[in-house]
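# Tertiary structure, described
Single-letter residue listing:
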Amino acid sequence: NAGVTQTPKFRILKIGQSMTLQCAQDMNHNYMYWYRQDPGMGLKLIYYSVGAGITDKGEVPNGYNVSRSTTEDFPLRLELAAPSQTSVYFCASRLAVTYEQYFGPGTRLTVT
Amino acid sequence: RKEVEQDPGPFNVPEGATVAFNCTYSNSASQSFFWYRQDCRKEPKLLMSVYSSGNEDGRFTAQLNRASQYISLLIRDSKLSDSATYLCVVTPYNNNDMRFGAGTRLTVKP
């Protein structure tokens, strides 16, 4: 099992550009999550999904969009990148019956 | 008041020491509690869940005090490999909405 994979590992965007952060898991987990982590801070939940076709907002959803067309994939879309979105983005997944979240290695995004 | 607050540290302790971290949470309706560990520039990994009755896993002991709204993590006989940031995690609204503390950094020195 690869677990949770994220691409790209690093990305530099110009203000106003768009991009999609990819996340995939091969553990057949129903629940998937997107977080951002700013330097010296804890993780903040952006969006989550409890299954294919179902998504919900977390603590900091503004400026982001998600979709969940399959159990395996949960991409995060930034439409108009802003410097405030410079952060490390983590994707995570878990089974419905346990609370342990498995995290991907993260995507380091810089918006200049 | 922040939803989850932790002492940022850093805690610098010698090998073999016992060290304790506390974490306070603001929402008394919070349901689930966890400690995650995060190594430098890596993803967080679950260290242990925190149960109402307290729980132990080897050198690690976690406790919950609902009346005072805090959880604690005790590490006994610290090892060099325990050096990491320890994140307190609480679910104040539902079990999908996990709120992370900013973390407490621990460095164990020889």
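Located above this text is the structure these notes cover.
Residues numbered from 1 in each chain as written. Chains lettered and ligands numbered in written order. Predicted model: local features only at pLDDT ≥ 70, side-chain atom pairs only at ≥ 80, totals over all residues. Heavy atoms only, no water.

## Things to note about the overall build of chain B
When you go through chain B residue by residue, the secondary structure sums to zero helices and eleven strands. Each helix (α) and strand (β) of chain B, taken in turn from the N terminus, gives the series β-β-β-β-β-β-β-β-β-β-β. On C-alpha atoms alone, chain B measures out to a radius of gyration of 13 Å, which is about the 13 Å that the 2.2 N^0.38 rule sets for 110 residues. With respect to the three principal axes, the spread of C-alpha positions in chain B is 40 × 30 × 20 Å. Within chain B, buried positions represent 49% of all 110 residues. Taking contacts inside chain B between residues at least 6 apart in sequence as the whole, the part at least 24 apart equals 57%. On chain B, roughly 5300 Å² of surface is accessible, and the fraction owed to carbon and sulfur atoms is 46%. (Helix = DSSP H or I, 4+ residues; strand = E, 2+ residues; numbered from the N terminus. Rg over C-alpha atoms; globule rule 2.2 N^0.38 Å. Buried < 20%, exposed > 50% of the residue type's maximum accessible area, 1.4 Å probe, protein only. Contact = heavy atoms within 4.5 Å. Areas by Shrake-Rupley, 256 points an atom, 1.4 Å probe, with all protein chains shown as cover.)

## Some thoughts on the state of the cysteines
Note on terminology: a disulfide is the covalent bond linking the sulfur atoms of two cysteines. Per the counting criterion, the structure on display carries two disulfides over all chains. Residue C23 of chain A pairs covalently with C91 of chain A via a disulfide, S to S 1.8 Å. Taking the sign of the S-S torsion, -70 degrees for the link of C23 of chain A and C91 of chain A, the bridge is left-handed. On the criterion of sequence distance, the pair formed by C23 of chain A in strand 3 (residues 19-25) and C91 of chain A in strand 9 (residues 87-94) is long-range, its members being 68 residues apart. Side by side, C23 of chain A and C91 of chain A carry an identical accessibility label, which is buried. Disulfide pairing is shown between C23 of chain B and C88 of chain B; the S-S distance is 1.9 Å. (Disulfide = S-S within 2.5 Å.)

## So, the side chain of T91 of chain B
All names here are of chain B. With respect to the secondary-structure elements, T91 resides in strand 9 (residues 84-91). Owing to a relative accessible area of 0%, T91 belongs among the buried residues under this scheme. A distance of 2.9 Å separates the side chain of T91 from the backbone nitrogen of S32, its partner in a polar contact. Ignoring sequence-local partners within four residues, the contact set of T91 consists of S30, Q31, S32, F34, D97 and M98. (Polar contact = N/O pair within 3.5 Å; in protein donor to acceptor, adjacent residues only side chain to side chain.)

## As for the pattern of salt bridges
Counted under the stated rule, the structure contains ten salt bridges over all chains. Residue R99 of chain B is joined to E3 of chain B by a salt bridge in which the shortest nitrogen-to-oxygen separation is 2.5 Å. Of this pair, R99 of chain B sits in strand 10 (residues 99-100) while E3 of chain B sits in the segment before strand 1 (4-6); the two residues are 96 residues apart in sequence, bridging distant segments of the chain. With relative accessibility at 21%, the residue E3 of chain B sits in the partly exposed group. A salt bridge links R37 of chain B to D39 of chain B; the shortest N-O distance between them is 2.8 Å. Within this structure, K44 and E59 of chain A together with E3, D97 and R99 of chain B form a network of salt bridges that share partners. (Salt bridge = Lys/Arg side-chain N within 4 Å of Asp/Glu carboxyl O.)

## Section: the interface of chain A and chain B
On the chain B side, the residues contacting the 21 residues of chain A number 20 residues. At the boundary of chain A with chain B, the tally comes to one salt bridge. A salt bridge links E59 of chain A to R99 of chain B; the shortest N-O distance between them is 3.4 Å. The tally of links from chain A across to chain B stands at three residue pairs in polar contact (both at pLDDT 80 or more).

## What to know about the sheet that holds strand 7 (residues 60-65) of chain B
All names here are of chain B. On the basis of which strands lie adjacent, the open sheet formed by five strands has the order 1-3-8-7-6 and antiparallel pairing. With partners counted over all chains shown, the strands left at the sheet margins are strand 1 and strand 6 (55-57), one partner each. Along the sheet, successive strands turn relative to each other by an average axial angle of 20 degrees, direction set aside. Strand direction decides the pairing type here: strand 1 and strand 3 (residues 19-25), joined by three bridges, are antiparallel. Bridged to V4 within strand 3 is Y25. (Pairing = 2+ DSSP bridges. Axes fitted to C-alpha atoms, helices over the stretch in contact; angles between N-to-C directions.)

## Brief notes about unusual backbone geometry
In this structure, P8 of chain A follows T7 of chain A across a cis peptide bond, with omega equal to -5 degrees. Looking at where P8 of chain A falls in the secondary structure, it is placed in the loop between strand 1 (4-7) and strand 2 (10-13).

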